[in-house]
Amino acid sequence: EGHDFTLAQGNFDGAGVTWGVIGFTLRHGELGKIVLEIQDRNPALVRQAFGGKTDELIRILRGSKAKQLAFADRISLGASKVRLAEPWRSAFRRFGEMQAVQAVQLRFADRDYFRPAVQSARRLRLRTELGLALAFDIHVQNGGVSSAAREEIKRQLTQHPADTELERRVIIANAVADHARPQFREDVRSRKLTIATGTGRVHGEVFVLRNWGLAAVPLPV
């Protein structure tokens, strides 16, 4: 997601606050679960990161979703609401720098995103590193393959049988993009096609995935 373990951004997309290695969000509850788990295990770490804002944060995270999103709006800056106000931005960075917090982030990412992606890759008959990476990114950015996208993939593969996994990956990438929210559709498409083909341009930057250790090589059985 480009956040590393530390970057928190504001309510630019309706998700409230987005933070951490997988883009955990306030709206979908992952951010709150991580903070509250650390609070239960070692509250001193939360206070070390958030200082005098700790009690306010814990109260917000234990409150209603409406109150959480209103809080996110308050601390999101400018018309775009991308950047968080201080001291929240720096506090989330300090929190994400902690080894114990990173371990929890990785556990959530594995359980809630990577393992479901493995199952999706099997269902979609994706058997390469790029195939699994595509499935993983679909779970991270889109919450999984929607029923509408699954039907589109099935229809496309019936009409245009794919001889190679590359062709299958491209069909899957386009189907997922076609059923994303309209304002994000082309962003999703560029990201998915870059992974599907192994190279492409996303947000003005050119990516060659083999330089990141991902290629169209078979996964271990």
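Below is a summary of the structure that appears in this document. (Residues numbered from 1 in each chain as written. Predicted model: local features only at pLDDT ≥ 70, side-chain atom pairs only at ≥ 80, totals over all residues. Heavy atoms only, no water.)

Helices and strands together make up the secondary structure of the chain, namely 10 helices and 5 strands. The C-alpha atoms of the chain give a radius of gyration of 19 Å, which matches the 17 Å a tight globule of 221 residues would have. The principal-axis extent of the C-alpha atoms belonging to the chain is close to 60 × 40 × 30 Å. Each of the 221 residues in the chain was classed as buried or not, and the buried ones make up 46%. Sequence separation of 24 or more characterises 56% of the internal contacts of the chain that already satisfy a separation of 6 or more. Surface exposure of the chain reaches about 11700 Å², of which carbon and sulfur atoms provide 53%. Of the side chains in the chain, 34 bear a positive and 24 a negative charge, and the two mean positions are spaced by 4 Å. (Helix = DSSP H or I, 4+ residues; strand = E, 2+ residues; numbered from the N terminus. Rg over C-alpha atoms; globule rule 2.2 N^0.38 Å. Buried < 20%, exposed > 50% of the residue type's maximum accessible area, 1.4 Å probe, protein only. Contact = heavy atoms within 4.5 Å. Areas by Shrake-Rupley, 256 points an atom, 1.4 Å probe, with all protein chains shown as cover. Lys, Arg positive; Asp, Glu negative; His and termini not counted. Charge placed at Lys NZ, Arg CZ, Asp CG, Glu CD.)

Okay, the nonpolar core next. Ranked by size, the top nonpolar core spans 34 residues in total, and within it Phe-50 and Phe-95 carry the most contacts. Elements represented by at least two residues in this core include exactly α1 (30–41), α2 (43–50), α3 (54–61), α4 (65–74), α5 (88–97) and α6 (99–123). Beyond its immediate sequence surroundings of up to four residues, Phe-50 is in contact with Leu-57, Trp-88, Ala-91, Phe-92 and Phe-95. (Core = buried A, V, L, I, M, F, W, Y, C linked by side-chain atoms within 4.5 Å.)

In spatial order, the strands read β1-β2-β3; together these 3 strands make up an open sheet with antiparallel pairing. This sheet does not close on itself; its edge strands, each paired only once, are β1 (8–9) and β3 (24–25). The pairing of β1 with strand β2 (residues 18–19) spans 2 bridges and is antiparallel. Residue pairing in the sheet places Ala-8 in a bridge with Trp-19 of β2. (Pairing = 2+ DSSP bridges.)

Another point: the packing of aromatic side chains. Tallied over the full model, the rule gives 9 aromatic pairs. Aromatic side chains Phe-24 and Phe-108 sit 6.5 Å apart centroid to centroid with 90° between the ring planes, which places their arrangement in the edge-to-face category. In this pair, Phe-24 is assigned in strand β3 and Phe-108 in helix α6, connecting sequence segments 84 residues apart. Note on Phe-24: relative accessible area 0%, which makes it buried. Classification of Phe-108 by relative accessible area gives buried; the value is 4%. An aromatic cluster of three or more residues is present, and its members are Trp-19, Phe-50, Phe-71, Trp-88, Phe-92 and Phe-95. (Phe/Tyr/Trp six-rings, centres within 6.5 Å; stacked < 30°, edge-to-face > 60°.)

Those residues of α4 not exposed but buried are Gln-68, Leu-69, Phe-71 and Ala-72. End-on view of α4: buried residues confined to an arc of 155°, all on one side of the axis. Turned more than 90 degrees away from the buried face of α4 sit Ala-66, Lys-67 and Arg-74, all of them exposed. Of the surrounding elements, those touching the buried residues of α4 are α3 and α5. (Arc of directions from axis to C-beta.)

Contact geometry for helix α7 (residues 129–142) and helix α10 (residues 185–197): axes closest at 8 Å, N-to-C directions at 160°. Considering the angle they form, α7 stands roughly antiparallel to α10. Helix-helix and strand crossings are classified by hand; for α7 and α10 the assignment is right-handed. Here Leu-130, Ala-133, Leu-134, Asp-137, Ile-138, Val-140, Gln-141 and Asn-142 of α7 come into contact with α10, specifically with Asp-187, Val-188, Arg-191, Lys-192, Ile-195, Ala-196 and Thr-197. (Axes fitted to C-alpha atoms, helices over the stretch in contact; angles between N-to-C directions. Parallel < 35°, antiparallel > 145°, perpendicular 65-115°, else oblique. Left-handed = near helix turned anticlockwise from the far one by under 90°.)

Axis angle and axis distance: for two packed helices, these are the angle between their axes and the distance between the axes, and together they describe the pair. With their axes 7 Å apart at the nearest point, α2 and α5 run at an angle of 140° to one another. Judged by the inter-axis angle, α2 sits oblique to α5. Crossing handedness for the pair α2 and α5: right-handed. Contacts between α2 and α5 pair Leu-45, Val-46, Gln-48, Ala-49 and Phe-50 from the former with Trp-88, Ala-91, Phe-92, Arg-94 and Phe-95 from the latter.

Following the sequence through the fold, Thr-18 ends up in strand β2. For Thr-18, a relative accessible area of 6% corresponds to the buried category. Dropping the residues within four chain positions of it, Thr-18 is found in contact with His-3, Leu-7, Ala-8, Gln-9, Phe-12, Asp-13, Gly-23, Phe-24 and Thr-25.

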